[in-house]
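# Per-entry structural report
If you want the building blocks of each chain, they are given just below.
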Amino acid sequence: MKKLFFLCACAVLLTVSSCDFEEPVVSGYSNFKFGKLEGKTLNVSFDATVDNDNGYGFKIKKGELTVSINDLEIGDIDLTKKIKIKRKSENVYTIPLKLSLSDGALFRIAKLVSADKFELKLDGKVRGSVMGFGKTFDIHETHNLSSGDIKFDGLLQGIMKGAVRE
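Here goes a summary of the coordinates provided. Predicted model only: the values in this text are computed from it and were never measured. (Residues numbered from 1 in each chain as written. Predicted model: local features only at pLDDT ≥ 70, side-chain atom pairs only at ≥ 80, totals over all residues. Heavy atoms only, no water.)

## Things to note about the overall build of the protein chain
Convention followed: Secondary structure counts use DSSP, requiring at least four H or I residues in a row for a helix and at least two E residues in a row for a strand, with both numbered from the N terminus. Only protein chains enter the area calculation, which uses a 1.4 Å probe; residues under 20% of their type maximum are buried, those over 50% are exposed, and those in between are partly exposed. Working rule for contacts: check all heavy atoms of both residues, and any pair within 4.5 Å makes them a contact. The accessible surface values rely on the Shrake-Rupley method and a 1.4 Å probe; as for residues, cover is taken only from the protein chains in view.
Counting secondary structure elements, the protein chain contains 3 helices and 9 strands. When the helices and strands of the protein chain are placed in sequence order, the string is α-β-β-β-β-β-β-α-β-β-β-α. For the protein chain, the residues scored as buried account for 33% of the 166 residues in total. For the protein chain, restricting intrachain contacts to residue pairs at least 6 apart in sequence, the fraction spanning at least 24 positions comes to 66%. Only carbon and sulfur atoms are counted for the fraction: they give 55% of the accessible area of the protein chain, which is about 11000 Å².

## Regarding the nonpolar core
Within soluble globular proteins, side chains that are nonpolar generally end up buried alongside one another. Defined as follows: Remark: nonpolar core denotes a set of buried residues (Ala, Val, Leu, Ile, Met, Phe, Trp, Tyr, Cys) joined through side-chain atoms within 4.5 Å.
Residues I74 and I95 are the most contacted members of the largest nonpolar core, which totals 34 residues. In contact with I95, other than residues within four places in its own chain, are V44, S45, F46, A48, L79 and I83.

## Regarding the environment of G75
With respect to the element layout, G75 can be found in strand β4 (residues 72–79). Taking the C-alpha atoms as reference points, G75 and G104, 29 residues apart in sequence, are found 9.8 Å from one another. Apart from residues no more than four positions distant in its own chain, G75 is found in contact with L65, T66, V67, L99, S100, L101 and S102.

## Quick notes on unusual backbone geometry
Even without being a glycine, N70 presents a positive backbone phi close to 50°. In this structure, N70 sits in the loop between β3 (58–69) and β4. Since its relative accessible area comes to 29%, N70 is described here as partly exposed.

The structure is reproduced here in structure tokens:
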């Protein structure tokens, strides 16, 4: 029985190690939403179009990234739930995040509300897994967005409610 288990484990390892992992292509970001502001924590979400050509799906388990927009540091984001990317598909996934604002970030965001274009920079690490085998990836991304891609409505309402209470 132990030999059979060992042979199966070796077969799975050889199969997984012999497969080339093609990095999925993220072809678009849209529908950026800033949710409720609670203290220095802000719920954020956006849609990402992901094209996974691999013959197997994978999970993005967690991520910790530093965010800056137009060279203004905003804070650190954490993935709030696991995301399952389907195999051999191109789908739009909603990415829920929790943004921990850095000191003075609200004043920086207020400057951004009237901007027409945004340069979003993400730096940090993301952890994923395929068939139970995990790996951490370094992320250093820069994306250009227009004012129509980002909705500040929830954030501005949260700021206004906070200002009214004080």
